[in-house]
Amino acid sequence: MPDDAINRALQRALVLARRGPQRGGNPRVGCVIIGSSGAVLAEGWHHGAGTEHAEAAAVAAADRATLRGATAVITLEPCHHTGRTPPCSQALHAAGIARVVYAVRDPDPAAAGGARWLRSQGLEVRTAREAEVPDDVVRGAEALTEAWVTAVERRRPWVLGKMAASLDGRVAAVDGTSKWITGPVARDHAHAVRGDVDAIVVGTGTVIADDPALTARRADGTPADHQPLRVVVGNRSVPASAAIRHGPGDWLHLTTRDIPSVLARLWDVGARRVLLEGGPTLLGAAVRAGVVDELHTYLAPVLLGAGLAAVPDLGVSTLADAHRRHTTEAQHLGEDILVVTRRH
């Protein structure tokens, strides 16, 4: 097999994996099966919870006669449990695959063990680093699965915070008006993010003040196929006429202000990727609790000079105590700029 065949296969598997959704509780995974010459025999990726896993999809897409003795290159360790789908480890073994290379270990105790089981059946199994795949490619696989792996390891959802602000950090003018600080391209992007999370969380104050529907919509304004769970946090009642009660999909009112308990409840109902949309009070509480893993800041070329701040007092009295974050992405969205940051 050519020296760079596994490297090229893993890079292709990463491209495939990114086609899958981040919502639904399952990781994004890609699989490429190659022959002894390095030629690609089959490809597959996970299309979302309840569908075939990447390995099974690749096997199903192949001419089975070509798979005996082949190598499967996968972004994540093959699972070894029966859930909504059969174990990927057994699918690879039954297909006659002789070698498996995977980039990231499966941290889920319920699903892990595929590599060990495959070795026990006589297959050659290596990690991508053991196969001498370049570090930048392996890091790409680790970045792809970071949110899911982190959520599984600590048993709480990956939390995205969101704010749309003026250049001087205001989310509303003095009179309370906030529609719209950002332009349509930024708002379309925000709806695409909504459509790829398991739950959207707001506070009761936002519900009463703004009456948001919290639905995910396409660019043409029609509802997206997937509608996340709509969650209201706080002790005040949700008005009977509130839009959040009447949209597509389910909604939930959690009568607490304790962010960790909210996240624990959302984990229990299956949410692995959660978006906080609920205004400065909720975002500030989450930042103080240290649970905002990824922050999406939409900055509009607007100056207000006064009005509601994007984040409330965080108790920072000196610059040395500031909440420092790592910038992972910055992009133009029409006239606006999106800055994505993560915790150090």
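Placed above this text is the structure.
Residues numbered from 1 in each chain as written. Predicted model: local features only at pLDDT ≥ 70, side-chain atom pairs only at ≥ 80, totals over all residues. Heavy atoms only, no water.

(A) Representation of the overall build of the protein. Scanning the protein for helices and strands turns up 9 helices and 15 strands. If one aligns the C-alpha atoms of the protein with their principal axes, the spans along those axes are about 70 × 40 × 40 Å. The long-range share in the protein, meaning contacts at least 24 apart out of those at least 6 apart in sequence, stands at 69%. When the accessible surface of the protein is totalled, it reaches about 16,000 Å², and 50% of it is carbon and sulfur. Between the mean site of the 38 positive side-chain charges and the mean site of the 37 negative ones, the protein shows a separation of 3 Å. (Helix = DSSP H or I, 4+ residues; strand = E, 2+ residues; numbered from the N terminus. Contact = heavy atoms within 4.5 Å. Areas by Shrake-Rupley, 256 points an atom, 1.4 Å probe, with all protein chains shown as cover. Lys, Arg positive; Asp, Glu negative; His and termini not counted. Charge placed at Lys NZ, Arg CZ, Asp CG, Glu CD.)

(B) Summary view of the nonpolar core. Counting residues in each nonpolar core, the largest one holds 46 residues, and the members touching the most others are L10, I33, A72, L92, I97, V100 and V133. Elements supplying a minimum of two residues to this core: α1 (5–17), β1 (30–34), α2 (54–61), β3 (71–76), β4 (99–104), α4 (114–120) and α5 (135–154). Examining the composition of this core, we find that 8 residues originate from one element, α1, more than from any other. Contact partners of V100, with chain neighbours within four places excluded, come to A72, I74, P78, L92, L118, L123, E124, V125 and R126. Counting residues in each nonpolar core, the second largest holds 27 residues, with A165, L252, V274 and A310 among its members. (Core = buried A, V, L, I, M, F, W, Y, C linked by side-chain atoms within 4.5 Å. Buried < 20%, exposed > 50% of the residue type's maximum accessible area, 1.4 Å probe, protein only.)

(C) Quick look at the packing of aromatic side chains. Taken as a whole and assessed by the stated rule, the structure comprises 0 aromatic pairs. Here the basic side chain of R19 rests over the ring of W45, its NZ or CZ set 4.7 Å away from the ring centre. The side chain of R272 reaches across the aromatic face of W267, ending 3.5 Å from its centre. (Phe/Tyr/Trp six-rings, centres within 6.5 Å; stacked < 30°, edge-to-face > 60°. Lys NZ or Arg CZ within 6 Å of the ring centre and 35° of its normal.)

(D) Looking closely at the sheet that holds β4. The 5 strands are arranged β2-β1-β3-β4-β5 in an open sheet whose pairing can be described as mixed. In this open sheet, the two edge strands, each paired with only one partner strand, are β2 (40–45) and β5 (124–127). Geometrically, the sheet is characterised by an average inter-axis angle of 15° between neighbouring strands, direction not taken into account. Strand direction decides the pairing type here: β3 and β4, joined by 5 bridges, are parallel. Paired with A72 across the two strands is V100, which belongs to β4. Strands β3 and β4 of the sheet are contacted by α5, whose axis makes an angle of about 65° with β4. (Pairing = 2+ DSSP bridges. Axes fitted to C-alpha atoms, helices over the stretch in contact; angles between N-to-C directions.)

(E) Expanded view of the pairing of strand β10 (residues 251–254). Residues L252 and L254 point to one face of β10 and are all buried, whereas W251 and H253, pointing to the other face, are not buried. With 4 bridges connecting them, strand β9 (residues 229–233) and β10 associate as parallel partners. Across the sheet, V232 pairs through a bridge with H253, a residue of β10.

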